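Chain residues, written in single-letter form:
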Amino acid sequence: MAYRKTPAEIRRLEAAREHLVVCATEVVAEVGWAQASVTAVADAAGIAAGSVYQHFSSKSALAVEVFRRAAQREADVLGEVLQGGGDPADRLRRGVEVFARRALENHGLAYALLAAPAEPAVGAERLAFRRRYRALFAAVIDEGVAAGRLPGQDAEITAAALTGAIGEVLVYPLSTSGPHDADRLVAGLAGVALRCAGASD
């Protein structure tokens, strides 16, 4: 008869896995993907390096889980703003502002999500989430066009341009420790987004 884990064992394993992902996320935010070794993550979690493999088959599998969870949180927050009520152009502006401020407030993790060198499996996840961001922007742009708030346009192209522009504008301040004016950067980026979509003042 095959051994079956008890509910208590399953809960313990799930809690340990969750703790491991949280610790791995903190390590990635501090040192990036390349330096977030299994040993570094295990040390942060207070376990032996070999114990990591009880939960994840490889460092790559753990990295993908860290990326998916962190990126999904950002996509969820952006979606809440863009899909809320009110004027579509205003939602577009607020969505860009919220996304940028969250990135600047947690620059280590944001840089890891947006641009830091990573293994191919993480790179593939990054592309998948860029498509999600584009879809969210395209939807609110389409709403703005339908409401007469934005000029007629190919929302997919505009959304792709916005997604790329946001990442490009944020990469430098996220990758450096030098001072920067967050308010000016966020306001400027929101203005670029509105101009890109053709919003009137």
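Engineer: Can you help me understand the environment of Val140 in this one?
Structural biologist: Along the chain, Val140 falls in helix α7 (residues 120–146). By relative accessible area, Val140 is classed as buried at 1%. Sequence-wise, Val140 and Asp87 are 53 residues apart; in three dimensions their C-alpha atoms are separated by 9.5 Å. Excluding residues within four positions of it along the chain, Val140 makes contact with Leu82, Pro88, Arg91 and Leu92.

Engineer: Looking at this model, I keep getting lost on the nonpolar core. Mind explaining?
Structural biologist: A general trend in soluble globular proteins is that nonpolar side chains are found buried together. Counting residues in each nonpolar core, the largest one holds 56 residues, and the members touching the most others are Trp33, Leu62, Phe137 and Leu170. Contributing elements (two or more residues each) for this core: α1 (7–35), α2 (38–45), α4 (59–82), α5 (88–105), α6 (107–114), α7, α8 (155–175) and α9 (182–197). It is α4 that contributes the most residues to this core, nine residues altogether.

Engineer: Got a minute to help me understand the layout of surface pockets in this structure?
Structural biologist: The gaps left among the atoms become clear once a water-sized probe is rolled over them. Space inside the largest pocket adds up to approximately 370 Å³. In this structure, the largest pocket is lined by 23 residues; those nearest its centre are Glu74, Phe99, Leu113, Leu114 and Tyr133. For the lining of the largest pocket, the elements supplying multiple residues, two or more each, are α4, α5, α6, α7 and α8. If you tally residues by element for the lining of the largest pocket, the top one is α4, at six residues. Its residues placed into classes, the lining of the largest pocket shows 14 nonpolar, three polar and six charged.

Engineer: Teacher, can you tell me more about the packing of α1 against α4 here?
Structural biologist: Two numbers describe a pair of packed helices, the interaxial angle and the distance between the axes. With their axes 9 Å apart at the nearest point, α1 and α4 run at an angle of 90° to one another. One element, α1, and the other, α4, form an angle in the roughly perpendicular class. On α4, the residues touching Arg17, Glu18, Val21, Ala24, Thr25, Val28, Trp33 and Ala34 of α1 are Lys59, Leu62, Ala63, Glu65, Val66, Phe67, Arg69 and Arg73. Of the residues contributing to the contact of α1 with α4, the split by class is nine nonpolar, one polar and six charged.

Engineer: What should I look at first to understand the side chain of Thr163 in this one?
Structural biologist: Position of Thr163 relative to the elements: it lies in helix α8. At 2.8 Å, the side chain of Thr163 forms a polar contact with the backbone oxygen of Ala159. Non-local contacts of Thr163, meaning those with residues more than four positions away in its chain, are made with Arg130, Tyr133, Arg134 and Phe137.

Engineer: What exactly am I supposed to notice about the side chain of His55 here?
Structural biologist: Checked against the element boundaries, His55 lands in the loop between α3 (49–52) and α4. Looking at His55, the relative accessible area reads 17%, which means it is buried. Sequence-distant contacts of His55, that is, excluding residues within four places in its chain, are made with Leu13, Ala16, Arg17 and Leu20.

Engineer: How should empty space enclosed by the protein be read in this particular structure?
Structural biologist: Taken as a whole and assessed by the stated rule, the structure comprises one cavity of 30 Å³ or more. Within this model, the largest cavity holds a volume of roughly 90 Å³. Contributions of two or more residues to the lining of the largest cavity are made by α1, α2 and α4.

Engineer: Any chance you could explain the pattern of salt bridges here in plain terms?
Structural biologist: Working definition: two side chains of opposite charge can pair if their charged atoms are close together. This structure, assessed with the given rule, holds eleven salt bridges. In this structure, Arg149 engages Asp87 in a salt bridge whose closest nitrogen and oxygen atoms are separated by 3.0 Å. Separated by 62 residues along the polypeptide, Arg149 in the loop between α7 and α8 and Asp87 in the loop between α4 and α5 bring together distant segments of the chain. Residue classification places Arg149 among the partly exposed residues on the basis of a relative accessible area of 27%. Judged by its relative accessible area of 28%, Asp87 is partly exposed. Put simply, Asp90 and Arg93 hold a salt bridge, and the shortest N to O gap is 2.3 Å. Of this pair, Asp90 and Arg93 both sit in helix α5, three residues apart, which is roughly one turn of the helix. On the accessibility criterion, Arg93 (26% relative accessible area) is partly exposed.

Definitions and cut-offs
- Residues numbered from 1 in each chain as written.
- Predicted model: local features only at pLDDT ≥ 70, side-chain atom pairs only at ≥ 80, totals over all residues.
- Heavy atoms only, no water.
- Helix = DSSP H or I, 4+ residues; strand = E, 2+ residues; numbered from the N terminus.
- Buried < 20%, exposed > 50% of the residue type's maximum accessible area, 1.4 Å probe, protein only.
- Contact = heavy atoms within 4.5 Å.
- Core = buried A, V, L, I, M, F, W, Y, C linked by side-chain atoms within 4.5 Å.
- 1 Å grid on protein atoms, 1.4 Å probe; cavity = no way out; pocket = protein on both sides within 12 Å on 5 of 7 lines; lining within 4 Å.
- Points joined across faces, edges and corners; volume = space filled by probe spheres on them.
- Nonpolar A, V, L, I, M, F, W, Y, C, P; charged D, E, K, R; others polar.
- Axes fitted to C-alpha atoms, helices over the stretch in contact; angles between N-to-C directions.
- Parallel < 35°, antiparallel > 145°, perpendicular 65-115°, else oblique.
- Polar contact = N/O pair within 3.5 Å; in protein donor to acceptor, adjacent residues only side chain to side chain.
- Salt bridge = Lys/Arg side-chain N within 4 Å of Asp/Glu carboxyl O.

By themselves these figures say nothing about function.
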